[in-house]
Amino acid sequence: MKQPEKIKIRGNVYKILYNPIDGFEGLITYDERLITISNEISSERARVALGHEIIHAVMYEYDFTGVEMQEELIAGTLWNLLHVVYVSNPEVKGFVFGKP
Ligand SMILES: [Zn+2]
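Definitions and limits used
Every chain is numbered on its own, with residues counted from 1 as its sequence reads. pLDDT decides what is reported in this predicted model: residues at 70 or higher carry local features, side-chain atom pairs at 80 or more are listed and counted, and totals for whole chains, interfaces and linings draw on all residues regardless. Throughout, an axis means a line fitted to C-alpha atoms (over the contacting stretch in the case of helices), and angles, computed between N-to-C directions, take values from 0 to 180 degrees. The way it works is that DSSP assigns letters per residue, a run of H or I at least four long becomes a helix, a run of E at least two long becomes a strand, and they are numbered from the N terminus. In these notes the angle categories are as follows: under 35 degrees is roughly parallel, over 145 is roughly antiparallel, 65 to 115 is roughly perpendicular, and the rest is oblique. Should the near helix be turned counterclockwise from the far one by less than a right angle, the crossing is left-handed, whereas a clockwise turn marks it as right-handed. Two residues qualify as being in contact provided that their C-beta atoms, derived from the backbone, are within 7 Å of each other. Polar here means any residue outside two lists: the nonpolar Ala, Val, Leu, Ile, Met, Phe, Trp, Tyr, Cys and Pro, and the charged Asp, Glu, Lys and Arg; Gly therefore counts as polar. Note on burial: count the other C-beta atoms lying within 10 Å of the residue's C-beta; 20 or more is buried, 12 or fewer is exposed, in between is partly exposed, and C-beta positions come from the backbone. Strand pairing is assigned whenever DSSP identifies at least 2 bridges connecting the two strands.

Novice: I'd like a description of the packing of helix α1 (residues 43–61) against helix α2 (residues 70–88), backed by residues and values.
Specialist: At a minimum axis separation of 9 Å, α1 and α2 run at an interaxial angle of 115°. Accordingly, the angle class assigned to the pair α1 and α2 is roughly perpendicular. Here the hand of the crossing between α1 and α2 comes out right-handed. On the side of α1, the interface is formed by G51, H52, I55, H56 and M59, while α2 contributes A75, L78, W79 and L82. Split into classes, the residues belonging to the contact of α1 with α2 amount to 6 nonpolar, 3 polar and no charged.

Novice: Hey, could you go over helix α3 (residues 90–97) for me, with residue numbers and the actual values?
Specialist: Burial runs low along α3: only 0 of the 8 residues are buried. The first or second residue beyond α3 is G98, which carries a positive phi of 80°.

Novice: If you had to explain the pairing of strand β3 (residues 26–29) to someone new, which residues and values would you point to?
Specialist: With 4 bridges connecting them, β3 and strand β4 (residues 34–38) associate as antiparallel partners. Bridging from a neighbouring strand, L27 pairs with T36 of β4. The turn linking β3 back onto β4 is made up of 4 residues, and R33 within it adopts a positive phi angle of 45°.

Novice: Can you tell me about the environment of N12, naming the residues and giving the values?
Specialist: For N12, the position within the fold is in strand β2 (residues 12–19). According to the C-beta neighbour criterion, N12 is exposed, with 11 such atoms within 10 Å. It is 8.3 Å that separates the C-alpha atoms of N12 and E61, two residues lying 49 residues apart in sequence. Excluding residues within four positions of it along the chain, N12 makes contact with R33 and E61.

Novice: Describe the environment of S43, and please don't skip the residues or the numbers.
Specialist: Here S43 shows up in helix α1. Exposure remark for S43: the 9 C-beta atoms within 10 Å place this residue in the exposed category.

Novice: Just give me the short version of the sheet that holds strand β1 (residues 6–9), but keep the residues and values in it.
Specialist: Across the sheet, which stays open at both edges, the 4 strands sit in the order β1-β2-β4-β3 with mixed pairing between neighbours. Looking at strand neighbours, the two that pair on one side only are β1 and β3, the edges of this open sheet. The average angle at which neighbouring strand axes cross in this sheet is 20°, direction not considered. The pairing of β2 with β4 spans 5 bridges and is parallel. Of the residues in β4, the one forming a bridge with N19 is S38.

Note that every value here comes from positions in space, so none of it alone points to a role or purpose.
What follows is the structure in structure tokens.
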């Protein structure tokens, strides 16, 4: 599947770049609305890294900040939630979100 180059969150467009990053698989810069994903990791790792950064962006755009140390735990938990509904149980997704 093609790597996405942007994502719209609450009306704001985040640009997604795939570049080398020292020591990280993904980074987000809120004031530039920029997500950078390492291009030196597997596509599977890149998928997870992008999902993780998108959750950070959603938390930011919906004012879910100020939790500091908890933020990584919450981002990880939300990603696991999405994975459970969208990947492991797609039949539940349609029911919960009201679309087939
Ligand atoms: Zn994170």
